[in-house]
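# Structural description and commentary
This is what each chain is made of:
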Amino acid sequence: ESEMKLLTPLHLYFDNDVPDPGSGDSITNKNINTLLADYFNQKELYITQFTGNLEGKEKEDAINDVNEFFFEDLESGQYDLNLFMKMMEELLLNGKKITLTLKSYSSPLNSKQYNELLAKRRIHSLLNYLNSYNNSVFSYYLENDQLAIIQLAFGESLASSNISDDINDIRNSVYNPNAARERKITIIAITLE
């Protein structure tokens, strides 16, 4: 239990406008674990787009910033998620009742209404992963209320005011690691009974 609580808050990051770019839905059929793996494969694109015409130390620092995000934030988040799932399965099997509180965020690049739907799709991608994890082991616990999920979709309302919302400045509004850190869901709390 204490190890699991140490993993929270657990941040899981999303590529720009993912899942389902341009969708007006609040749900998705995408799975966060697959989305995280696909996102990690975008690292070189992020380096190219974020470093652009930079040179020397400035370019080196920008590359380091992108690498730090991809390895220390994105990849470690996926690793921690899978560890979290294993521990949660064990606790549920041992009769614990678990409540997870999830918050979902987006960068300020689109309209407020669109970003709220996007934040909900992001939560849904985690729910899809929960429902498919280890031959759907969590479905039983969700149906029997031994596992409960509280969902809070904030969209862009909590995004830093320092993040660009200029569609013409994709270097900063999409590929900047600070903008990338705004596009996430967070398992902010776990309650065990």
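Residues numbered from 1 in each chain as written. Predicted model: local features only at pLDDT ≥ 70, side-chain atom pairs only at ≥ 80, totals over all residues. Heavy atoms only, no water.

Let us look at the packing of aromatic side chains. Taken as a whole and judged by the stated rule, the model has 12 aromatic pairs. The interplanar angle of 70° and the centroid separation of 5.5 Å between the aromatic rings of Tyr 39 and Phe 70 together place this pair among those described as edge-to-face. Of this pair, Tyr 39 sits in helix 2 (residues 32-40) while Phe 70 is found in helix 4 (residues 56-93), placing the two residues 31 residues apart along the sequence. By relative accessible area, Phe 70 is classed as buried at 0%. Arranged with centres 5.3 Å apart and planes meeting at 20°, the rings of Tyr 133 and Phe 138 form a pair that is stacked. Classification of Phe 138 as buried rests on a relative accessible area of 0%. (Phe/Tyr/Trp six-rings, centres within 6.5 Å; stacked < 30°, edge-to-face > 60°. Helix = DSSP H or I, 4+ residues; strand = E, 2+ residues; numbered from the N terminus. Buried < 20%, exposed > 50% of the residue type's maximum accessible area, 1.4 Å probe, protein only.)

Let's shift gears to the side chain of Thr 28. With respect to the secondary-structure elements, Thr 28 resides in the loop between strand 1 (10-13) and helix 2. Accessibility expressed as a relative area gives 7% for Thr 28, which makes it buried. A polar contact of 3.1 Å, which involves the side chain of Thr 28, links it to the backbone nitrogen of Lys 30. What Thr 28 contacts, discounting residues up to four positions off in sequence, is Pro 19, Asp 20, Arg 121, His 124, Ser 125 and Asn 128. (Polar contact = N/O pair within 3.5 Å; in protein donor to acceptor, adjacent residues only side chain to side chain. Contact = heavy atoms within 4.5 Å.)

Now for the packing of helix 2 against helix 4. Between helix 2 and helix 4, whose axes approach to 11 Å, the crossing angle comes to 160°. Considering their axes alone, helix 2 and helix 4 lie roughly antiparallel with respect to each other. In the packing of helix 2 onto helix 4, the handedness of the crossing is left-handed. For the pair helix 2 and helix 4, contact is made by Ile 32, Asn 33, Leu 36, Ala 37, Tyr 39 and Phe 40 and by Phe 69, Phe 70, Phe 71, Leu 74, Glu 75, Gln 78, Leu 81 and Asn 82, respectively. Its residues assigned to classes, the contact of helix 2 with helix 4 shows 10 nonpolar, 3 polar and 1 charged. (Axes fitted to C-alpha atoms, helices over the stretch in contact; angles between N-to-C directions. Parallel < 35°, antiparallel > 145°, perpendicular 65-115°, else oblique. Left-handed = near helix turned anticlockwise from the far one by under 90°. Nonpolar A, V, L, I, M, F, W, Y, C, P; charged D, E, K, R; others polar.)

Mapping Glu 116 onto the fold places it in helix 5 (residues 112-143). Residue classification places Glu 116 among the partly exposed positions, given a relative accessible area of 32%. Here the alpha-carbon distance between Glu 116 and Ser 26, two residues 90 residues apart in the chain, equals 8.3 Å.

Attention shifts here to helix 2. Of the positions making up helix 2, those classed as buried are Ile 32, Leu 35, Leu 36, Tyr 39 and Phe 40. Buried residues of helix 2, seen end-on, are gathered within an arc of 135° and therefore sit on one face of the element. Contacts from the buried residues of helix 2 go to strand 1, helix 3 (43-51), helix 4, helix 5, helix 7 (177-180) and strand 4 (184-192). Of the residues flanking the start of helix 2, the one acting as N-cap is Asn 31, its side-chain oxygen 2.8 Å from the backbone nitrogen of Asn 33. (Arc of directions from axis to C-beta.)

Moving on, we come to helix 5. An α-helix turns once every 3.6 residues. As a result, residues three or four positions apart point the same way. Relative to the 46 Å expected for 32 residues at 1.5 Å per residue, helix 5 spans just 33 Å between its end C-alpha atoms, considerably shorter than the ideal helical length. When the local axis directions of helix 5 are compared, the greatest deviation, roughly 125°, occurs at Asn 135. One or two positions beyond helix 5, positive phi appears at Asp 145, with a value near 60°. (Expected span 1.5 Å × (residues − 1). Bend = angle between axes of the 7 residues up to and from the residue.)

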